[in-house]
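Working through the structure, step by step
This is what each chain is made of:
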Amino acid sequence: MYTTDPRLVALRDSLTGRTLKGSGRAQYILRERIGEGGQGWVFTANWDEPGGFVVIVKVLRPDAVNADTLRRFQREADVLRMLSQQGTPNPYIVRFFDHATTTVDKYSLPFTVLEYVNGVTLEKVIDSQPGKGLPAERTRRILKQGSLAL
């Protein structure tokens, strides 16, 4: 589901180029919107300065905010934070950097900052396959990586 409310479309589009203040002194300069779903928007961003480290910022949409979605969004951040604090980072789990809430116009926007992983999504890999799915060997590698993440 994509944003259709004109006010939210305007808000979403106005986020590109904005700087969101994270927890502590970190700030994130939103760049390109690279995804949108039923509950949020995903942007690439630079950490602290225009040429800074590239990260992903997941922003919870205002029309998706309720007690349940806020609880799930916070839980996801807590789990990713915990996994990122392990002694040895897991190469199959994105690193967690920050979780905060910012206000843009009159909207309160919770957001999570994660590692940017350059590459194609699993959805695009599957869609690009002719026939009925991925070859068995490719599927085995993907499942192995997923199980190693867990």
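First, a word on what this report is: a plain description of the structure on this page. This one's a predicted model, so the numbers in the text were calculated from it and none came from an experiment. (Residues numbered from 1 in each chain as written. Predicted model: local features only at pLDDT ≥ 70, side-chain atom pairs only at ≥ 80, totals over all residues. Heavy atoms only, no water.)

All told, the structure shown has five aromatic pairs when counted by the stated rule. Here a set of aromatic residues connected by ring pairs shows up, and it is made of Tyr 28, Trp 47, Phe 53, Phe 97 and Phe 111. (Phe/Tyr/Trp six-rings, centres within 6.5 Å; stacked < 30°, edge-to-face > 60°.)

Here we come to the sheet that holds strand β1 (residues 19-21). Strand pairing in a sheet relies on backbone hydrogen bonds. The paired strands run either parallel or antiparallel. Taken in spatial order, the six strands of this open sheet run β1-β2-β3-β4-β6-β5, and their pairing is antiparallel. With partners counted over all chains shown, the strands left at the sheet margins are β1 and β5 (96-104), one partner each. The mean angle between the axes of side-by-side strands here comes to 40 degrees, regardless of whether they run parallel or antiparallel. The pairing of strand β2 (residues 27-36) with strand β3 (residues 40-47) spans six bridges and is antiparallel. From the neighbouring strand, Ile 29 faces β3, where its bridge partner is Asn 46. (Pairing = 2+ DSSP bridges. Helix = DSSP H or I, 4+ residues; strand = E, 2+ residues; numbered from the N terminus. Axes fitted to C-alpha atoms, helices over the stretch in contact; angles between N-to-C directions.)

A separate point is the nonpolar core. By size, the foremost hydrophobic cluster in this structure holds 19 residues, and its most contacted members are Tyr 28, Val 57 and Phe 111. If we skip the residues at most four places from it in the chain, Val 57 touches Leu 20, Tyr 28, Leu 30, Trp 41, Val 42, Phe 43, Ala 45, Phe 111, Thr 112 and Val 113. In this structure, Leu 80, Ile 93, Leu 114 and Ala 149 belong to the second largest nonpolar core, which totals six residues. (Core = buried A, V, L, I, M, F, W, Y, C linked by side-chain atoms within 4.5 Å. Buried < 20%, exposed > 50% of the residue type's maximum accessible area, 1.4 Å probe, protein only. Contact = heavy atoms within 4.5 Å.)

Structurally, His 99 can be placed in strand β5. Judged by its relative accessible area of 14%, His 99 is buried. Within the local environment of His 99, its side chain forms a polar contact with the backbone oxygen of Phe 111, the two atoms lying 3.2 Å apart. When sequence neighbours within four positions are dropped, the list of residues in contact with His 99 reads Ser 23, Phe 73, Gln 74, Ala 77, Arg 81, Phe 111 and Thr 112. (Polar contact = N/O pair within 3.5 Å; in protein donor to acceptor, adjacent residues only side chain to side chain.)

Side chains bearing opposite charge may pair, as long as their charged atoms lie close to each other. Across all of its chains, the model carries eleven salt bridges by this definition. Across the pair Arg 61 and Asp 63 runs a salt bridge whose closest N-O atoms are separated by 2.8 Å. For Asp 63, a relative accessible area of 43% corresponds to the partly exposed category. A salt bridge links Arg 95 to Glu 115; its shortest N-O distance comes to 3.8 Å. (Salt bridge = Lys/Arg side-chain N within 4 Å of Asp/Glu carboxyl O.)

Bridge analysis of β5 against strand β6 (residues 107-115) gives eight bridges, and the strand direction is antiparallel. What sits directly across from Thr 103, in β6, is Ser 108. Counting the residues between successive antiparallel strands, the hairpin from β5 to β6 contains two residues, one of them, Asp 105, with a positive phi of roughly 55 degrees.

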